Every structure is written in C-alpha cells, then in structure tokens.
Amino acid sequence: MLRVYFTSEDLARVRVAPGPDFLWEISNSVQTLQRRDGERVFGAWRRWARPRLSGSRRLLSGLLPPRGYSPDFLTPTSGDRTTMQAAVDTLMSTPRSRLRAELTRLSSSSRLPGWVGSLARGDREALHRLGDALHAYRREALEPHWQRVHAHIDADRALRLHSLLDGGTEGLLTGLGPHFRWRPPVLEVTYPVDQQLRLEGRGLVLQPSFFCWPAPITLADGDLPPVLVHPIHHNADWAGTASDDRATAAAGPLGPLLGQTRAGVLRAARTGCSTVEAARLLEVTHPAVSQHLNVLRAAGLITTVRRAGRAFHVATAEGRALLATEERAVRP
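Reading the values: the criteria
Residues numbered from 1 in each chain as written. Predicted model: local features only at pLDDT ≥ 70, side-chain atom pairs only at ≥ 80, totals over all residues. Heavy atoms only, no water. Helix = DSSP H or I, 4+ residues; strand = E, 2+ residues; numbered from the N terminus. Buried < 20%, exposed > 50% of the residue type's maximum accessible area, 1.4 Å probe, protein only. Contact = heavy atoms within 4.5 Å. Areas by Shrake-Rupley, 256 points an atom, 1.4 Å probe, with all protein chains shown as cover. Salt bridge = Lys/Arg side-chain N within 4 Å of Asp/Glu carboxyl O. Axes fitted to C-alpha atoms, helices over the stretch in contact; angles between N-to-C directions. Parallel < 35°, antiparallel > 145°, perpendicular 65-115°, else oblique. Nonpolar A, V, L, I, M, F, W, Y, C, P; charged D, E, K, R; others polar. 1 Å grid on protein atoms, 1.4 Å probe; cavity = no way out; pocket = protein on both sides within 12 Å on 5 of 7 lines; lining within 4 Å. Points joined across faces, edges and corners; volume = space filled by probe spheres on them.

Undergrad: What is the right way to read the overall build of the chain from this model?
TA: Secondary structure summary: the chain contains 14 helices and 11 strands in total. A total of 332 residues make up the chain; the buried ones form 51% of that total. Long-range contacts, defined here as pairs at least 24 residues apart, represent 71% of the contacts in the chain between residues at least 6 apart. Counting every atom, the chain has about 15,900 Å² of accessible surface; 52% of that belongs to carbon and sulfur.

Undergrad: What exactly am I supposed to notice about the pattern of salt bridges here?
TA: Opposite charge on two side chains makes pairing possible when the charged atoms of those side chains draw close. Taken as a whole and judged by the stated rule, the model has nine salt bridges. Two residues, Glu39 and Arg46, come together in a salt bridge whose shortest N-O distance is 4.0 Å. The closest approach of N and O atoms between Glu39 and Arg47, which form a salt bridge, is 2.6 Å. Through salt bridges with shared partners, one network takes in Glu39, Arg46 and Arg47.

Undergrad: Explain the packing of helix H11 (residues 260-268) against helix H13 (residues 286-298) here, please?
TA: Any two packed helices are characterised by how steeply their axes cross, that is the angle between the axes, and by the distance between the axes. The contact between H11 and H13 brings their axes to 10 Å, and the two run at 70 degrees. On the basis of the axis angle, H11 is roughly perpendicular to H13. Only His292, Leu293, Val295 and Leu296 of H13 make contact with H11, whose side of the interface consists of Thr261, Arg262, Val265 and Leu266. Residues belonging to the contact of H11 with H13 are distributed by class as follows: five nonpolar, two polar and one charged.

Undergrad: Sorry if this is basic, but what is going on with empty space enclosed by the protein here?
TA: Unfilled space is identified by rolling a water-sized probe across the atoms. This model, assessed by the stated rule, comprises one cavity of 30 Å³ or more. One number sums up the size of the largest cavity: a volume of about 40 Å³. As for the largest cavity, its lining consists of Gln195, Leu197, Thr218, Leu219, Asp221, Gly222, Leu224, Pro225, Pro226 and Val227. Taken together, the residues that form the lining of the largest cavity break down as six nonpolar, three polar and one charged.

Undergrad: What is the right way to read the layout of surface pockets from this model?
TA: Counted as a void, the largest pocket has a volume near 670 Å³. Taken together, 30 residues line the largest pocket, and the ones lying closest to its centre are Gly68, Tyr69, Tyr191, Pro192 and Ile217. Ranked by residues supplied to the lining of the largest pocket, first place goes to helix H2 (residues 22-34) with four residues. Residues of the lining of the largest pocket, tallied by class, amount to 17 nonpolar, nine polar and four charged.

Structure below.
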C-alpha cells in the first residue's frame, strides 16, 4: 500500500499533467512488454512490437525489470520535458552521484549488463548509448501508435477535470478509480510494497499513462518532485496496428462531417461531454447523437471512454485542429 499524505496546501496544488510523458510511456511500455498479464489490452501490441524492435528493447529491459525497483532517473520529473529530445537531455544531465546510487540499488535485485557500470560512473558514451536506445525504442514501438496513446490520455485528462469541476480536489482524488481510496488527508493507493509519500506543501502531479499496468506508480525517492502515474481505463481490446491508424488518417476528416448537428457534437467534445450532455445541448435525441458520435469516432476526431456505465467523449488532437481551422475561417 502506498499512502500519500496531503496538507491543505497540497490540496490546492494538485494538477493533472497536460498530456503523455515520453519517458514514462517508454518505461511503462518496456515493463509491460516483458509481462504476460494484461493480454486483453496489450496482447496485440506486444505481438506487433516484439519482432520490430532492434537492440533498444534488450538494452532498456536491463534497466527496467517488469516488477520491482526501477531507477528514478529514467523518468525525470523536473527540467524541460516538452519534447522527446528535451526529455532525453534532462535524463542525460542526471548527476553522477544519483546515477551511481540508483544503479547500485538496482544491482541488488537485478543482474545488470556490463555497460551499466560505465553508466553509473556518468560516462558520456554510455549516456549517449542510453539516449540513442530511448529514441530508437520510441520510434519503433510507440511512434506509430502515438496518436492513439495521446487521444486516450486526453480523454482521461478530461474525465479528471470534470471530476475536479464537480467535486473540487477531493472529488478528483475520490474519482481516480479502483486502485485509489481517499481517506482525508491520506490517499491510499494499491501498491506492491508499503511506501509513504509526504507531500509537505509540494503538491502532486497526476500523470495518466497508457502503458502503466496494472497499478499506479510513483518514484522511489520521496524527496523528488511528487508524481503519481496511474493507468487509464482501457475499454476494449487494442487490436489496431499502425497501418490501421494511417488508414484512418488517409480517409480524411471532412468526408463524414456534413451537417450542423455533427459539427455541434464535435464542438461539444472539445472539452469533453457525455452522450446525454451532447443531446441536451443540441436538443436532439439520444440515438441521433450516438449515430453522430459513431461517425466522428470512426473518422478519428473523437475518442470515447467509459466509467461507471457512463460514456464520455473527447475531441482528439485531429478534432481540435479541425475546430481551430473552423474558428480561423470565421474570424473577422
């Protein structure tokens, strides 16, 4: 069990991350790739990814075992992480003392390849080798699916923000899902080991992750900026491949978008809405809205998540880009 202790100041400083974190998705997916559970969600992706990966998988797997401790420096929570290159640069600037301490801790529970000794000493060649492996892995395993990953995390973020609007910070914490239990002032989290995280006024970043599985994750070092990475809700088998994503994009977003009602549904989904909310807003029937949502979803312009029997629809990056184009067209 992980117990996160909040002060009143911390409750005012909880925020939801603005999107997927490159290095968390890499780390979580490397670990998920080594596991056998979660077949319904990740089985198709594992079968697609494994034969396509170069040596990056083998190199990273040594640092990211499927269970137990993994070094915190692989997922920095400070510095510039707005692009993949910036995130890798932040990782490569990790102080030598921290590299040595964390890799020594990892070596106590895992057999490490020989080159990790050079990495622990802060050797620049070893650091560049790690950086190259991270770039290669993202390019081979994640980039073809990044649109889908981003859309699902956007949808989860919209759900969290609605919980915040409806119930404040405590509503946000209460609605995080079955792995969480809010017992003020402590958030109890399903965790493989007993651990405490005292925020002490630093606040907390909630980071939704597509590949986080099966339970939430936090950093081992409680002195680092606090972050709680949690799984998103996967509704169905993720059986699509990169070619599926490209086919959807090639079909073009404008074909199905005929008529004011469908455009109105897309506008409503910009900030997230339920089927009932969209029907009420546009003054149309529930079945009519569902039909429009199906078309928008097939075109890759919205994504849908379900929680407690409620469907929630959020515009994808492509849907928001289309709305932005519309706004520019009508701007005087």
